[in-house]
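Notes for the structure review
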Amino acid sequence: QTEMRVCEVLQWYLNPPVPVMFLEVASPFIDEVASEQISTKAKHDITDLSRFLMELCVYCPQLCGEKQSSVAYAAILVSMNHLNIPTTTVNKWLSLTLDHSSHLTDRCIPKLQRILAANHCNMCSSPTKRDSTMHSIPIVHVQA
C-alpha cells in the first residue's frame, strides 16, 4: 500500500530512461541499416559521437525537458550528418520509423548541432581517427 502511494505521488516518474539507453537499443539497427554501405569503424564512430552528444546534453538545460528518446534519435541523426554518412544509409535509418515523435526530434536537432559546434573533439575534426580521450574535453555551455 505504501509503495503504491509513493508511485502515485510521483506519478510513476521513476528512473526515467536516458538517451544512452535508447542508443544501446538502437545500435543493432544502426548496424543493420549500414551493413554494406559504410565501414565497421564508421558505425562505431556514429555510436561514439552520438554517445558523446548525449553526455553533453546533461549540461544543456534546453534539452533537459525534452523526450529522451527524441534527444537520442536526434543525436544519431546529427552524428550521421556530421560524419558524412551516405544519404542512402540515413534514409534507411529514417525508414525504420523508430521515431514516433518526429516534431520533438526536429526541435532537438538544432540544439544538438550547436552543442556539437561548441564542443570540439578530435573525432569531430577527423572522422577517420577515433580518439579515446574525447570525454576529457571541457564542456562549453550553449544558449538556446
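Reading guide: rules and limits
- Residues numbered from 1 in each chain as written.
- Predicted model: local features only at pLDDT ≥ 70, side-chain atom pairs only at ≥ 80, totals over all residues.
- Heavy atoms only, no water.
- Helix = DSSP H or I, 4+ residues; strand = E, 2+ residues; numbered from the N terminus.
- Expected span 1.5 Å × (residues − 1).
- Buried < 20%, exposed > 50% of the residue type's maximum accessible area, 1.4 Å probe, protein only.
- Phe/Tyr/Trp six-rings, centres within 6.5 Å; stacked < 30°, edge-to-face > 60°.
- 1 Å grid on protein atoms, 1.4 Å probe; cavity = no way out; pocket = protein on both sides within 12 Å on 5 of 7 lines; lining within 4 Å.
- Points joined across faces, edges and corners; volume = space filled by probe spheres on them.
- Nonpolar A, V, L, I, M, F, W, Y, C, P; charged D, E, K, R; others polar.
- Polar contact = N/O pair within 3.5 Å; in protein donor to acceptor, adjacent residues only side chain to side chain.

Things to note about helix α7 (residues 102-118)
- For α7, which comprises 17 residues, the first-to-last C-alpha distance of 25 Å matches the rise-based estimate of 24 Å (1.5 Å per residue) to within 8%.
- All buried positions along α7 are accounted for by Leu104, Thr105, Cys108, Lys111, Leu112, Ile115 and Leu116.

Focus on the packing of aromatic side chains
- This structure, assessed with the given rule, holds 2 aromatic pairs.
- Judged by centre distance (6.4 Å) and plane angle (65 degrees), the ring pair of Phe22 and Tyr73 falls under edge-to-face. Here Tyr73 lies in helix α5 (residues 68-82) and Phe22 lies in helix α2 (residues 19-33), a separation of 51 residues in the sequence. For the residue pair Phe22 and Tyr73, the accessibility class agrees, reading buried in each case.
- Judged by relative accessible area, Tyr73 falls into the buried class, the value being 3%.
- Among the aromatic side chains, those forming a connected cluster through ring pairs are Phe22, Tyr73 and Trp93.

Considering unusual backbone geometry
- Of note, the phi angle at Asn84 is positive, near 55 degrees, even though the residue is not glycine.
- In this fold, Asn84 is placed in the loop between α5 and α6 (87-95).

Concerning the layout of surface pockets
- Taken as a whole, the largest pocket encloses approximately 190 Å³ of empty space.
- As for the largest pocket, its lining consists of Val18, Pro19, Val20, Met54, Glu55, Cys57, Val58, Leu63, Cys64, Gln68 and Val71.
- Looking at the lining of the largest pocket, the elements with two or more residues in it are α2, α3 (40-57), α4 (61-64) and α5.
- Ranked by residue count, the leading element in the lining of the largest pocket is α3, at 3 residues.
- Per-class residue counts for the lining of the largest pocket are 9 nonpolar, 1 polar and 1 charged.

Looking at the side chain of Asn119
- Here Asn119 is to be found in the loop between α7 and α8 (122-125).
- Looking at Asn119, its side chain comes within polar contact range of the main-chain oxygen of Ile115, at 2.9 Å.

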